[in-house]
Amino acid sequence: MGKTFKTIDEAVIRFAGDSGDGMQLTGGRFTDTTAIVGNDLSTLPDFPAEIRAPAGSLAGVSAFQIKFSSKDIHTPGDKPDVLVAMNPAALKVHQKELIPGGTMIVNKDAFTTKNLKFAGYETNPIEDGSLDDYFTLIPIEMNKMVTAACEGLEMSPKLVGRTKNLFALGVLFYMYDRPLESTEAWLKKKFKGKDAIIDANTRALNAGYNYGDTTELFMTRFKVEKANLASGNYRNMNGNFATSLGLLAAAEKSGLNLFYGGYPITPASDILQTLASWKHFGVSTFQAEDEIASISSVIGAAFTGSLAVTATSGPGIALKAEAIGLGIITELPMVIINVQRGGPSTGLPTKTEQSDLNQALFGRNGESPMPIIAAATPGDCFFAAYEACRIALKYMTPVMLLSDGYLANGSEPWKIPNVDELEDIPVNFAKKKNGEDEYLPYLRDDETLSRPWAIPGTPGLEHRVGGIEKAENTGHVSYDPENHHKMTLIREEKVNRIRQDIPALNVFGESHGDLLILSWGGTYGSCRSASETLQEEGKSVSHIHLRWVNPLPQDLGELIVGYKNVLIPEINMGQLLRLIRAEYLVDAKGLNQVRGRPISTSSIIEKVNEMLG
Amino acid sequence: MNEIQTPPLTKKDFESDQAVRWCPGCGDYAILAQTQKKMPSFGRKREEFVFVAGIGCSSRFPYYMNTYGFHTIHGRAPAVATGVKIANPDLSVWVVTGDGDGLSIGGNHFMHCLRRNMDLNILMFNNRIYGLTKGQYSPTSELGKKTKASPFGSIDYPLNPPSLALGAQATFVARTIDRWQKHLAEMMERSYAHDGASFTEIYQNCNIFNDGAFEEYTGADKFNNVIELKHNEPMVFAKGTKGIKLEGSTAVIVDLEKSSIDEVLIHDETNLDMAHIIANWTTHPILPEPIGVIYCIQKPTYNEEMVNQIDAAKKMRGSGKVQDLLNAGDTWVVD
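What counts, and where the lines are drawn
Residues numbered from 1 in each chain as written. Chains lettered and ligands numbered in written order. Predicted model: local features only at pLDDT ≥ 70, side-chain atom pairs only at ≥ 80, totals over all residues. Heavy atoms only, no water. Helix = DSSP H or I, 4+ residues; strand = E, 2+ residues; numbered from the N terminus. Rg over C-alpha atoms; globule rule 2.2 N^0.38 Å. Buried < 20%, exposed > 50% of the residue type's maximum accessible area, 1.4 Å probe, protein only. Contact = heavy atoms within 4.5 Å. Areas by Shrake-Rupley, 256 points an atom, 1.4 Å probe, with all protein chains shown as cover. Lys, Arg positive; Asp, Glu negative; His and termini not counted. Charge placed at Lys NZ, Arg CZ, Asp CG, Glu CD. Domains from an automatic or database assignment. Buried area = accessible area lost by both parts, 1.4 Å probe. Salt bridge = Lys/Arg side-chain N within 4 Å of Asp/Glu carboxyl O. Polar contact = N/O pair within 3.5 Å; in protein donor to acceptor, adjacent residues only side chain to side chain. Pairing = 2+ DSSP bridges. Axes fitted to C-alpha atoms, helices over the stretch in contact; angles between N-to-C directions. Parallel < 35°, antiparallel > 145°, perpendicular 65-115°, else oblique. Right-handed = clockwise from strand over helix to strand, strands pointing away. Left-handed = near helix turned anticlockwise from the far one by under 90°. Nonpolar A, V, L, I, M, F, W, Y, C, P; charged D, E, K, R; others polar. Phe/Tyr/Trp six-rings, centres within 6.5 Å; stacked < 30°, edge-to-face > 60°. Lys NZ or Arg CZ within 6 Å of the ring centre and 35° of its normal.

1. Here we look at the overall build of chain A
- What chain A contains, in helices and strands, is 20 helices and 23 strands.
- Against the compact-globule benchmark of 25 Å for 613 residues, chain A has a radius of gyration of 27 Å, which places it among compact chains.
- In terms of principal-axis extent, the alpha carbons of chain A reach across some 90 × 60 × 45 Å.
- Counting only residues that meet the buried cut, chain A has 63% of its 613 residues in that class.
- Taking contacts inside chain A between residues at least 6 apart in sequence as the whole, the part at least 24 apart equals 77%.
- For chain A, the computed accessible surface area is about 23200 Å², with 50% contributed by carbon and sulfur atoms.
- Taken together, the 59 basic and 73 acidic charged side chains of chain A have centroids lying 4 Å from each other.

2. As for the domain arrangement of chain A
Residues and elements named next belong to chain A.
- Domain boundaries assigned for chain A yield domain 1 (4-223), domain 2 (235-421), domain 3 (428-501) and domain 4 (507-612).
- The interface of domain 1 with domain 2 comprises 17 residues on the first partner and 10 residues on the second.
- Taken together, both faces of the contact between domain 1 and domain 2 bury some 970 Å²; the carbon and sulfur share is 55%.
- Applying the counting criterion to the domain 1 and domain 2 interface returns 1 salt bridge.

3. Notes on the interface of chain B and chain A
- Contacts between the two partners involve 58 residues from chain B and, on the opposite side, 71 residues from chain A.
- Of the roughly 5300 Å² buried between chain B and chain A, counting both surfaces, carbon and sulfur atoms make up 62%.
- When the buried area of chain B at its contact with chain A is split by residue, B:Tyr68, B:Leu326 and B:Trp332 rank highest and sum to 16% of it.
- Summed over the shared surface of chain B and chain A, the result is 2 salt bridges.
- One salt bridge in this structure joins A:Glu462 and B:Arg46, with 3.4 Å as the shortest N-O distance.
- There are 28 residue pairs in polar contact (both at pLDDT 80 or more) connecting chain B and chain A.
- Counting only elements with at least two residues in the side of chain B that touches chain A, the list comes to helix H2 (61-64), strand S2 (68-71), helix H3 (77-87), helix H5 (107-115), helix H11 (302-317), helix H12 (322-327) and strand S12 (331-334) of chain B.

4. What to know about the sheet that holds strand S2 (residues 10-18) of chain A
Residue and element names in this part refer to chain A.
- If you walk across this open sheet you meet the 6 strands as S3-S4-S2-S5-S6-S7, and the pairing is mixed. Looking at strand neighbours, the two that pair on one side only are strand S3 (40-46) and strand S7 (136-140), the edges of this open sheet. Going across the sheet, the axis of each strand differs from the next one's by a mean of 15°, ignoring polarity.
- Strand direction decides the pairing type here: strand S6 (residues 103-107) and S7, joined by 5 bridges, are parallel. In the sheet register, Val106 faces S7, and the bridge partner there is Pro139.

5. With respect to the packing of H3(B) against H5(B)
All names here are of chain B.
- At a closest axis distance of 8 Å, the pairing of H3 and H5 adopts a crossing angle of 40°. Classified by the angle between their axes, H3 and H5 sit oblique to one another. Two secondary-structure elements touch here, H3 through Pro78, Ala79 and Thr82 and H5 through His109, Phe110 and Cys113.

6. What to know about the pairing of strand S15 (residues 398-404) of chain A
Residue and element names in this part refer to chain A.
- In terms of residue burial, S15 counts as a mostly covered element, since 7 of its 7 residues are buried.
- Relative to S15, strand S13 (residues 334-340) runs parallel, the two sharing 7 bridges. From the neighbouring strand, Met334 faces S15, where its bridge partner is Pro398.
- In the sheet, strand S14 (residues 372-374) pairs with S15 via 3 bridges, with the strands oriented parallel. Looking at S15, one finds that Ile372 is bridged to Met400.
- Assessed by its sense of winding, the connection that carries the chain from S14 through helix H14 (residues 380-395) to S15 is right-handed.

7. What to know about the domain arrangement of chain B
Residue and element names in this part refer to chain B.
- Annotation of chain B at the domain level lists domain 1 (11-229 + 267-303) and domain 2 (233-266).
- Placing the centre of domain 1 and that of domain 2 at their C-alpha centroids yields a distance of 28 Å.
- Domain 1 puts 14 residues into the contact, and the matching count from domain 2 is 14 residues.
- Summed over both partners, the interface of domain 1 with domain 2 comes to about 1100 Å²; 75% of that surface belongs to carbon and sulfur atoms.

8. Considering the pairing of S2(A)
Residues and elements named next belong to chain A.
- The buried fraction of S2 amounts to 8 of the 9 residues, a majority that puts the element mostly inside the structure.
- Two elements, S2 and strand S5 (residues 82-85), share 4 bridges in a ladder whose sense is parallel. Its bridge partner being in S5, Arg14 is matched across the sheet by Leu83.

9. Some points on the packing of helix H11 (residues 291-303) of chain A against H3(B)
- Across the interface, H11(A) lies against H3(B) with an axial gap of 6 Å and an inter-helix angle of 45°. Comparing the axis directions of H11(A) and H3(B) gives the class oblique. Crossing of H11(A) against H3(B): the hand is right-handed. Within the contact between the two elements, H11(A) uses A:Ala293, A:Ser296, A:Ser297, A:Gly300, A:Ala301 and A:Phe303 and H3(B) uses B:Ala79, B:Val80, B:Gly83, B:Val84 and B:Ala87.
- Taken together, the residues that form the contact of H11(A) with H3(B) break down as 7 nonpolar, 4 polar and no charged.

10. Observations concerning the pattern of salt bridges
- Enumeration over the complete set of coordinates arrives at 44 salt bridges over all chains.
- The partner of A:Lys164 in a salt bridge is A:Asp21, and the shortest N-O contact between them spans 3.6 Å. With A:Lys164 in helix H6 (residues 164-175) and A:Asp21 in the loop between S2 and helix H1 (23-37), this residue pair connects regions lying 143 residues apart in the sequence. Pair check on accessibility: A:Lys164 and A:Asp21 agree, each one buried.
- Residues B:Arg175 and B:Glu289 are paired through a salt bridge, measuring 3.6 Å at the closest nitrogen-oxygen approach. In this pair, B:Arg175 is assigned in strand S5 (residues 172-177) and B:Glu289 in strand S11 (residues 289-296), connecting sequence segments 114 residues apart. Each member of the pair, B:Arg175 as well as B:Glu289, is classed as buried.

11. Comments concerning unusual backbone geometry
- Omega for the bond connecting A:Gly343 with A:Pro344 falls within 30 degrees of zero, at 0°, which places this linkage in the cis form.
- Its location among the elements puts A:Pro344 in the loop between S13 and helix H13 (357-362).
- Of note, the bond from A:Asn550 into A:Pro551 is cis; its omega dihedral lies within 30 degrees of zero at -5°.
- Position of A:Pro551 among the secondary structure elements: in the loop between strand S21 (548-550) and helix H18 (556-560).
- Phi angles above zero are rare outside glycine, and A:Asp177 is one such case at about 55°.
- Among the secondary structure elements, A:Asp177 is positioned in the loop between H6 and helix H7 (181-190).
- Located in the positive-phi region is B:Asn232, a residue other than glycine, with phi close to 70°.

12. Topic: the packing of aromatic side chains
- Across all of its chains, the model carries 33 aromatic pairs over all chains by this definition.
- Arranged with centres 6.5 Å apart and planes meeting at 40°, the rings of B:Phe49 and B:Tyr192 form a pair that is tilted. Of this pair, B:Phe49 sits in strand S1 (residues 49-53) while B:Tyr192 sits in helix H7 (residues 181-193); the two residues are 143 residues apart in sequence, bridging distant segments of the chain.
- Residue class for B:Phe49 comes out buried when judged on its relative accessible area of 0%.
- Pairwise contacts between aromatic rings join B:Phe14, B:Trp22, B:Tyr29, B:Phe42, B:Phe49, B:Phe51, B:Phe61, B:Tyr64, B:Trp94, B:Phe125 and B:Tyr192 into one cluster.
- Between the NZ or CZ atom of A:Lys223 and the centre of the ring of A:Phe5, over which it lies, the distance is 4.6 Å.

Structure (structure tokens):
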């Protein structure tokens with residue numbers, strides 16, 4: 001019987017297994033291959049905080065979801081069409097999310113009595129018929145298959161067993177008609193010098209593919225055509241890597257040395273690690289003894305003329321708060337990145353959340369305004385990081401860049417930018433006295449209100465800065481009440497002046513209508529997808545996405561009143577919502593979910609329909 | 001090259017125009033004056049000095065030095081100074097801190113910058129009290145100290161700064177006293193000359209909240225209570241009438257009017273074991289208080305090693321271009 005190809009627009013698949021099963025690697029390989037095939041894609045890695053939770057436990061389940069499409073897409077998808085479950089625990093955790101009628105590919109060999117019990121199953125779900133009515137169940141004896149494939153290799157059964165993720169990947173490659181070459185090449189590079197491992201994994205991959213081909217379980221294969229992306233050179237890009245690249249590009253364009261002071265923390269550590277590998281770009285990375293030391297070193301490096309950056313997550317920002325205030329009062333340029341995760345306290349270290357907006361806005365003592373920019377997609381982290389650096393240097397201020405766990409680890413096809421076309425970042429260190437035979441470190445630029453930057457080593461401009469309130473112009477210590485009031489106003493006004501650099505808002509849809517979806521940060525994709533669907537249905541729904549949250553763009557106020565309803569979906573309890581209501585006195589409504597994962601497109605559509613009645 | 005001859009700098013060149021605001025009689029004045037006096041002798045350009053301080057009385061220091069200066073936040077001066085030094089290793093970076101700032105709230109940074117051998121000169125003014133907050137006990141206050149925060153006497157055991165520094169792998173540990181002006185200047189010179197983290201503890205009298213804390217070492221009987229360590233010289237004190245020797249691993253006092261000087265220990269500032277023993281004489285009930293360079297060795301500094309790594313990477317891989325990095329990896333073209 002011949003196999004048939006069915007062309008579909010898009011598919012969502014999810015790999016789930018034990019932390020040790022290599023699900024992130026499998027997802028990563030599927031992603032890279034899918035990118036090369038030319039689909040648009042979006043990914044959602046979802047892993048536990050524990051490095052190795054007990055094997056087979058529910059807590060140890062690690063998953064990776066990818067949506068790929070022949071169209072322009074914005075999210076990793078709500079519910080998968082295909083679930084690959086490598087053990088009972090993975091099935092237990094994820095089966096409820098599979099779409100009705102979806103395909104379930106399971107490693108039958110892992111459904112042992114012990115594992116079933118560990119996952120809380122009383123009977124074996126792949127044998128008791130409980131799934132058959134709802135899903136297409138495809139149990140495969142993966143361990144047996146890879147054992148057979150690796151026959152003749154001198155390798156322990158344990159190591160052979162570890163290749164079963166490649167087998168599963170091969171099956172999925174067959175189902176969705178993807179080539180094996182890039183994964184084979186990748187294996188050779190990754191395990192260079194370990195020929196047996198390369199051989200075993202390659203055999204497992206091919207075995208999976210061939211199994212799909214020979215068995216009659218997969219009579220229909222799926223084709224997802226190339227997406228119609230803007231022309232250009234592309235690569236796959238994840239958020240933390242994009243952030244690192246954006247910082248490096250800003251250093252090159254500004255001509256400054258990049259100094260990065262950091263302390264390891266999930267999900268921001270990749271940025272430290274990535275920058276540490278770029279020593280040949282002159283990058284100095286300093287792994288500090290704690291979060292406070294890392295921001296303090298950044299302040300010292302900023303004072304000394306580096307492009308100074310730190311990245312952390314919410315708990316780290318909390319520790320850095322006092323020092324950030326020092327950065328604000330000394331008006332030194334630096335970028336502080338928060339890759340947000342679930343909170344409060346240690347919260348959900350590996351899961352995404354947008355709940356540090358209030359912290360970014362208000363989490364310091366005193367009146368301490370700080371510009372806040374938020375990345376919208378994994379690839380956008382590059383541009384957001386670049387812009388954060390540019391504004392920090394132009395306005396002489398710390399800038400906070402908000403990313404999140406989803407953006408940091410998620411990926412998408414990324415059109416490679418041309419560095420020459422990025423906006424210039426001019427830096428002019430002070431070289432001469434700007435007063436009457438004296439240097440005035442707080443004499444301001446009329447347009448930006450920024451102060452001059454005289455760095456140690458510059459003759460004749462020796463001066464002192466510090467955390468005590470300073471007198472206007474001279475920067476001397478001042479306890480004068482009028483001066484403090486004035487300096488407070490100036491610091492506020494300086495941040496507001498950044499509006500000059502914020503382009504007019506891009507409204508997706510009509511600039512007035514029944515409902516506006518207003519978003520910031522990583523919820524961009526879900527909100528845009530929901531808006532597209534609602535507009536296709538003929539609803540009067542528009543979407544505005546904020547890149548800058550502080551200051552808010554000049555034109556937001558006039559735009560926002562053009563809609564009868566305003567909906568602000570956020571992965572927090574309504575932090576932008578409260579700001580918008582306070583700022584513009586509009587009766588905006590929130591859609592607030594904190595489940596450690598992106599807000600689903602369907603929940604936004606549902607909420608909009610409910611609001612529109 | 002046609003260099004313009006500039007007159008050598010003087011003490012005055014290092015005095016800022018800011019009025020000094022310590023209490024009259026404070027030991028900080030003496031340290032400031034000595035620092036301003038000493039700086040020109042280093043023969044370095046003024047713009048290459050950076051003074052970084054935390055919070056506390058001592059930490060106002062940078063405001064009074066006409067160099068680059070940073071009055072930071074409580075305890076963080078070593079970390080800020082670390083950023084300064086990495087960003088520009090050619091600068092001479094000085095950290096001014098106190099016992100509360102450096103050992104309590106900033107203890108972590110203190111320990112780690114010593115461990116890394118970051119090339120910073122750390123001057124710790126130890127007055128064994130919190131002065132700026134008006135008189136609470138500090139981590140070097142003696143047990144039982146009565147302050148406003150410990151009206152029944154402190155139940156905190158004090159820590160020993162040189163021992164802590166040695167434990168943190170410091171490569172230069174010294175102690176001096178505000179009133180010992182010549183000695184203070186000498187220690188500053190040694191600190192400056194040392195490549196790597198230099199820790200100098202300065203006993204400093206707070207005449208308002210802890211007056212007389214170091215009276216034993218500055219009063220009429222000071223030579224009987226202080227031993228001035230000198231490299232490769234016998235450890236003698238009390239104007240040469242007494243010395244120190246080891247009995248097993250225990251230090252004891254030798255009466256040189258009865259015994260030979262040959263029995264006396266010779267100070268070797270490169271000997272870590274000896275340094276630990278000497279550090280233990282701090283506030284010892286019998287032994288004199290050691291001052292001078294307790295320990296000094298050379299090893300590569302963090303800032304040098306960072307420069308070396310960057311240079312080596314550039315040599316090996318060539319100076320990076322961002323566009324190349326952007327274009328790297330698996331890429332594909334969409335027409």
